[in-house]
Amino acid sequence: MIKIAPSIIASDFTRLGEQAQEAVAGGADWLHLDVMDGHFVPNITFGPLVVKAVRSVTDITLDIHLMIEQPERYLEEFAHAGANRMTVHVETCPHLHRTVQQIKELGCRAGVTLNPATPLSVLTEILPEVDLVLVMSVNPGFGGQSYIPASTAKIARLRAMLDAIGSPAELEVDGGINVETIAEAAQAGVSVVVAGSAVFRGEASIGENIRQLREACDC
């Protein structure tokens, strides 16, 4: 079964705790938290204090996506705030192996991700070491963007790479996931989908939106 990880960046921040709990009650498997610094990506979101606030209302897996420069400076703070998984970008980590080891030493699962135009070849050496690989299917920075069609083939190639080395790592996709695109990503081989607007926005309830996503991909 594919895991659904609602991205709280799309939630109503005046009701953050309430909406996080509603997503969990509605069948979310993880909660995805996008941390942006205004340097690596053109947006600023939140830091460890918000992670800590979400952790205080649920014991669900918190999937922290660090879209920031020098993420190694903040790993300990996010771990202490309640992160279960932390994912860093290959584009921001010149010493990627060391950063992955730091995450694991803090008791968290370690993930790596890459932007849409970054080739999969950069993952060859680190792939056996990680617990998760995230494919960005939009250019990171803002929610509500459209799924980049070329992402599907990229996901399929990455699935083949993971299978070839017998890796149990999760394969996650983030960006433009909705009832129209989730089946395509699922068929390409993802095990986790991140969805923001498709979960937290629209006229239906959060739980109903999650149900519709599962129904759309039969997962």
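One structure accompanies this document, and this report is about it. Keep in mind that this is a model prediction, so the values were computed, not measured. (Residues numbered from 1 in each chain as written. Predicted model: local features only at pLDDT ≥ 70, side-chain atom pairs only at ≥ 80, totals over all residues. Heavy atoms only, no water.)

### Points about the overall build of the chain
A tally of regular secondary structure across the chain gives eight helices and eight strands. Relative to the globule expectation of 17 Å for 219 residues, the C-alpha radius of gyration of the chain, 16 Å, shows essentially globular dimensions. Overall, the chain is about 45 × 35 × 30 Å in size when its C-alpha atoms are taken along their principal axes. Counting all 219 residues of the chain, 54% fall into the buried class. By sequence separation, contacts in the chain at least 24 residues apart represent 65% of the contacts at least 6 residues apart. Per element, the accessible surface of the chain, about 9500 Å² overall, is 50% carbon and sulfur. (Helix = DSSP H or I, 4+ residues; strand = E, 2+ residues; numbered from the N terminus. Rg over C-alpha atoms; globule rule 2.2 N^0.38 Å. Buried < 20%, exposed > 50% of the residue type's maximum accessible area, 1.4 Å probe, protein only. Contact = heavy atoms within 4.5 Å. Areas by Shrake-Rupley, 256 points an atom, 1.4 Å probe, with all protein chains shown as cover.)

### Overview of the sheet that holds strand S4 (residues 85-89)
In sheet architecture, strand pairing relies on hydrogen bonds along the backbone and comes in two forms, parallel and antiparallel. The eight strands lie next to each other as S1-S8-S7-S6-S5-S4-S3-S2, forming an open sheet whose pairing is parallel. Each edge of the open sheet carries a strand with a single partner, namely strand S1 (3-6) and strand S2 (30-36). Looking at each pair of strands side by side, their axes are set apart by 25 degrees on average, direction ignored. Relative to strand S7 (residues 170-174), strand S6 (residues 132-136) runs parallel, the two sharing five bridges. Residue pairing for S7: Met136 is matched across the bridge by Asp174. The sheet strands contacting helix H5 (residues 151-164) are strand S5 (109-114), S6 and S7, and the helix crosses S6 at an angle near 165 degrees. (Pairing = 2+ DSSP bridges. Axes fitted to C-alpha atoms, helices over the stretch in contact; angles between N-to-C directions.)

### Considering the nonpolar core
Counting residues in each nonpolar core, the largest one holds 64 residues, and the members touching the most others are Ile64, Met86, Val112 and Leu123. Filtering out sequence-adjacent residues up to four positions away, Met86 remains in contact with Ile64, Leu66, Leu75, Phe78, Ala79, Ile103, Leu106, Cys108, Arg109, Ala110 and Gly111. Grouped together as the second largest cluster of nonpolar side chains are eight residues, Ala5, Leu132, Leu134 and Val192 included. (Core = buried A, V, L, I, M, F, W, Y, C linked by side-chain atoms within 4.5 Å.)

### What about the pairing of S4?
Most of S4 is tucked away, with five of its five residues classed as buried. Of the two faces of S4, the one lined by Arg85, Thr87 and His89 and the one lined by Met86 and Val88 are each fully buried. Of the pairings in the sheet, the one linking strand S3 (residues 61-67) to S4 comprises four bridges and is parallel in character. For Leu66, the partnering residue across the bridge sits in S4 and is Val88. A crossover links S3 with its parallel partner S4, the connecting element being helix H3 (residues 75-81), and its sense is right-handed. One ladder, built from five bridges, connects S4 with S5; its direction is parallel. (Right-handed = clockwise from strand over helix to strand, strands pointing away.)

### Quick notes on unusual backbone geometry
Its identity is not glycine, yet Gln70 carries a phi of approximately 50 degrees, on the positive side. Take Gln70: it is sitting in the loop between S3 and H3.

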